[in-house]
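Observations on the model geometry
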Amino acid sequence: MFYMVRLCKGYVYICKKCVTMRSTMQEVMQYMKIMFASLGCDKNLVDTENMLGILNDKGFEFTDDETQADVIVVNTCCFIGDAKQESINTILEMAQHKEDAVCKALIVTGCLAHRYKDEIIKEIPEVDAFLGTTSYDKIAEVVTSVLEGKGFNVVDDANRLPIVKEKRIITTPGYFEYLKIAEGCDKHCTYCIIPKVRGNFRSYPVEYLVEQAKHLVYNGARELILVAQETTLYGTDLYGKKSLPMLIHELAKIEDLKWIRIQYCYPEEINDELIEAIKNEPKVCHYLDMPIQHASDNVLKRMGRKTDKQELLDIVAKLRKEIPDIALRTTLIAGFPGETQEQHEELMEFVDEMEFERLGVFAYSPEENTPAASMPDQIPEEIKEERRDAILELQQEIAFDKAADMVGRTLYAMIEGKVADEPAYVARTYADSPDIDGYVFVNTSEMLMSGDFVKVKITGSAEYDLIGELV
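Computed from a predicted model, the values in this text were never measured in an experiment.

Among the structural elements, Arg202 can be located in strand β10 (residues 202-203). One buried charged residue, Arg202, remains without a salt bridge, the closest side chain of opposite sign being Glu183 at 5.0 Å. Separated by 2.8 Å, the side chain of Arg202 and the backbone oxygen of Asn200 make a polar contact. Not counting the four nearest positions on each side in its chain, Arg202 is found in contact with Thr134, Ala158, Asn159, Arg160, Leu161, Ala182, Glu183, Gly184 and Asp237.

A cluster of acidic residues, Glu342, Glu345, Glu349, Asp352, Glu353, Glu355, Glu393, Glu397, Asp401 and Asp405, forms a negative patch at the surface. Those elements that place two or more of their residues in the negative patch are α13 (341-354) and α14 (381-405). The element contributing the most residues to the negative patch is α13, with five residues. With respect to the helices and strands, Glu345 occurs in helix α13.

The next subject is the packing of helix α7 (residues 206-218) against helix α9 (residues 244-251). Contact geometry for α7 and α9: axes closest at 10 Å, N-to-C directions at 35°. At the point where α7 passes α9, the crossing takes the right-handed sense. Two secondary-structure elements touch here, α7 through Val206, Leu209, Val210 and Ala213 and α9 through Met246, Leu247, Glu250 and Leu251.

The next point concerns the pattern of salt bridges. Under the defined criterion, the tally for this structure stands at 32 salt bridges. With its nearest N and O atoms 2.9 Å apart, the salt bridge here joins Asp70 to Lys104. Note that Asp70 is positioned in the loop between β4 (61-62) and β5 (71-76) and Lys104 in the loop between α3 (81-95) and β6 (105-110), a separation of 34 residues in sequence. A relative accessible area of 10% places Asp70 in the buried class. Glu368 is the partner of Lys84 in a salt bridge, and the nearest nitrogen-oxygen pair spans 3.7 Å. Residue Lys84 is located in helix α3, and its partner Glu368 is located in the loop between β15 (358-363) and α14; the two are separated by 284 residues in the primary sequence. A relative accessible area of 44% places Glu368 in the partly exposed class. Through salt bridges with shared partners, a single network forms among Asp47, Lys180, Glu183 and Arg198.

Scoring rules and cut-offs
- Residues numbered from 1 in each chain as written.
- Predicted model: local features only at pLDDT ≥ 70, side-chain atom pairs only at ≥ 80, totals over all residues.
- Heavy atoms only, no water.
- Helix = DSSP H or I, 4+ residues; strand = E, 2+ residues; numbered from the N terminus.
- Buried < 20%, exposed > 50% of the residue type's maximum accessible area, 1.4 Å probe, protein only.
- Lys, Arg positive; Asp, Glu negative; His and termini not counted.
- Salt bridge = Lys/Arg side-chain N within 4 Å of Asp/Glu carboxyl O.
- Polar contact = N/O pair within 3.5 Å; in protein donor to acceptor, adjacent residues only side chain to side chain.
- Contact = heavy atoms within 4.5 Å.
- Patch = residues over 30% accessible without salt bridge, like charges linked within 9 Å, V, L, I, M, F, W, Y side chains within 5 Å.
- Areas by Shrake-Rupley, 256 points an atom, 1.4 Å probe, with all protein chains shown as cover.
- Charge placed at Lys NZ, Arg CZ, Asp CG, Glu CD.
- Axes fitted to C-alpha atoms, helices over the stretch in contact; angles between N-to-C directions.
- Left-handed = near helix turned anticlockwise from the far one by under 90°.

By themselves these figures say nothing about function.
In structure tokens form, the structure reads like this:
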């Protein structure tokens, strides 16, 4: 039997064995049902899972149905305009249930709560409590206080580091999980609000992360995806040096863990020790998420980035020389204030030359209280979107060619599920991160389970995806 918690991308299942009821609350609290709407990035998802673990430990039940929820928690995002609007719309939608007899508390957590608490209090009075980005470990206190008719709004200092001892409730399919290794960011790019919302860079201790990882693997995770606002600086605040390679080696000792995937590596912080760890540690996927944002020196400087075009060329060349089969993912911003047509074309030429295996593009979104938002020469929305679409169209051609080039290779892949009514399964290779990259469709009549690792020979491609058969 399973409980469900509704998240931004649909429904995810929580094994009932993880939701053990305990008589630790007052009788009136014991059977309160809580629904979570978790929005935004994978780092937010980790916070949601930690809050679920805390509430589970206190004896609360969970539901996927907002009409049956005594308490609704919306974990929000405000990174860009679209994310902010989605968060506001979700809060407004959930606020309607306060008029019903069932819903007794509406709680807003996360980035929007941290940044816009006063505005939400004024505009959406149905919200009963707020928890900022560094306060989610206080969720049980907040829920209890609100249900008892007391106010409880906590937006702690953005540099606080919450440590959760309760076991996370896993809400992904279970065979992969995100491991958040740090909070905050020290980069202060001119377009980004994250340092003001999430605070300075703070690493979690290795021992804490290894303990979390063991719990996740014990509960079925075969792949751990390391995330933070920036992973490459892990440990500099605790150990006096970049310690991501050391963390990788410690995680690799976990017996049933098969893959370690690294996200959000800033190019200027990638050093030889990290490259060697990716190259030589068998459990580390030859995959690197490395956001570069642009390739024009002028634009990069105005963005507050720490690399120039030549340095980007050099690090890509080095990674591909040392790890020939590495899959590189990057992220770009189109239409940054002052970007000229020539600078846009320079970025297009760079994308064409680099041939990144994976690439995403955002149209620039001006965020309040960031330097870029007040820069002159803001680009009209239609031009930003045109430039974004032009890059995506170019990348589509590159990606399709890259997929076709995979034909004939034999790779290990992790099964994600079965294709309905077909003798085939959906899987991912080392080159594909869940939800954002492609898939390999494995033709076989054998019985396989999600999380199984199989050897697949690639026999064809279909746009971004691959087609293969069991070896």
